[in-house]
Amino acid sequence: MSEAAVWDKLARWYDRAVRLFDRSYPAVRERLRRDREGRQRVLEIAAGTGQFTPDLAGICEQVVASDLAPAMVERLRQSLRERGVEGVDLAVMDATSIDAPDAAFDAVFCANALHVMKEPARALQEFGRVLQIRIHCHDHLTP
Ligand SMILES: C[S@@+](CC[C@H](N)C(=O)[O-])C[C@H]1O[C@@H](n2cnc3c(N)ncnc32)[C@H](O)[C@@H]1O
């Protein structure tokens, strides 16, 4: 089964599961509010069902929220609609092959996801490319 297919299967119960096991999200939200300076164009990677997308939409001018799994993106679309969050562009996208030109964004936001990726070092290289910054990472990140 492909990586995307695994996450597609998990999408249905992800909201419930995440609520049970993660208490760190409020701290991330607080940090986001403090770090809002200069974050006009933001790419959210591995957005899941949108644990942070509404927060980003509230503080950034332009948000593209993406995930590898189409079912996660579909749930995210539904959740944003239900919560009345507008102006977020959604995309099915692999972090290791970001469909955007160099320097397209001012910030990349990726929470709780690098550790589940097969090639996190490649994803970090892609973050650097779309931000036009140099990221040096050693390949031991890749399992
Ligand atoms: C543990 S969830 C995190 C979701 C959300 N960011 C959160 O903090 O709750 C991991 C997410 O990473 C996505 N994902 C896994 N591999 C990916 C990849 N190569 N590119 C983009 N997203 C990926 C999965 O589809 C899943 O939605």
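Please read all numbers here as calculations on a predicted model, not as lab measurements.

We now examine unusual backbone geometry. In the Ramachandran plot, alanine 46 falls in the positive-phi region, its phi being about 55 degrees despite a non-glycine side chain. Inspection of the secondary structure assignment puts alanine 46 in the loop between strand 1 (41–45) and helix 3 (53–59). For alanine 46, a count of 23 C-beta atoms within 10 Å translates into the label buried. Backbone geometry at alanine 103 places phi at a positive 60 degrees, although glycine is not the residue there.

Our next topic: the sheet that holds strand 3 (residues 88–92). Taken together, four strands build an open sheet; the order of strands is 3-2-1-4 and the sheet is parallel. Of all strands in the sheet, those with a lone pairing partner are strand 3 and strand 4 (107–110), marking the two edges. Here the strands of the sheet are splayed against their neighbours by 20 degrees on average, with no regard to which way each runs. The sheet strands contacting helix 4 (residues 70–83) are strand 2 (62–67) and strand 3, and the helix crosses strand 3 at an angle near 165 degrees.

What follows covers the site of the ligand. Of all residues adjacent to the ligand, which total 20 residues, the nearest are Trp7, Ala46, Gly48, Leu68 and Ala95. Top element by residues in the shell around the ligand is helix 1 (residues 3–21). It accounts for three residues. Classifying every residue of the shell around the ligand by side-chain character gives 13 nonpolar, four polar and three charged.

Counting 28 residues, the largest nonpolar core has Val42, Leu43, Leu56, Val63, Ala65, Leu76 and Ala95 as its most contacted members. Each residue touching leucine 76, except ones within four places of it in the same chain, is listed here: Ala47, Thr49, Gly50, Thr53, Ala65, Asp67 and Leu90.

Here we take up the environment of arginine 31. Tracing the backbone shows arginine 31 in helix 2 (residues 25–34). Along the primary structure arginine 31 and aspartate 102 are separated by 71 residues, whereas in three dimensions their C-alpha atoms are 26 Å apart.

Let's shift gears to the packing of helix 1 against helix 4. Put simply, helix 1 and helix 4 touch, their axes get as near as 7 Å, and they point 30 degrees apart. By the angle class used here, helix 1 and helix 4 are roughly parallel. The segment helix 1 lies against helix 4, with Trp7, Asp8 and Ala11 engaging Pro70, Ala71, Met72 and Arg75. Residues of the contact of helix 1 with helix 4, tallied by class, amount to five nonpolar, no polar and two charged.

Conventions adopted
- Residues numbered from 1 in each chain as written.
- Predicted model: local features only at pLDDT ≥ 70, side-chain atom pairs only at ≥ 80, totals over all residues.
- Helix = DSSP H or I, 4+ residues; strand = E, 2+ residues; numbered from the N terminus.
- Buried ≥ 20, exposed ≤ 12 C-beta atoms within 10 Å, placed from the backbone.
- Pairing = 2+ DSSP bridges.
- Axes fitted to C-alpha atoms, helices over the stretch in contact; angles between N-to-C directions.
- Contact = placed C-beta atoms within 7 Å.
- Near = placed C-beta within 6 Å.
- Nonpolar A, V, L, I, M, F, W, Y, C, P; charged D, E, K, R; others polar.
- Core = buried A, V, L, I, M, F, W, Y, C linked by C-beta atoms within 7 Å.
- Parallel < 35°, antiparallel > 145°, perpendicular 65-115°, else oblique.

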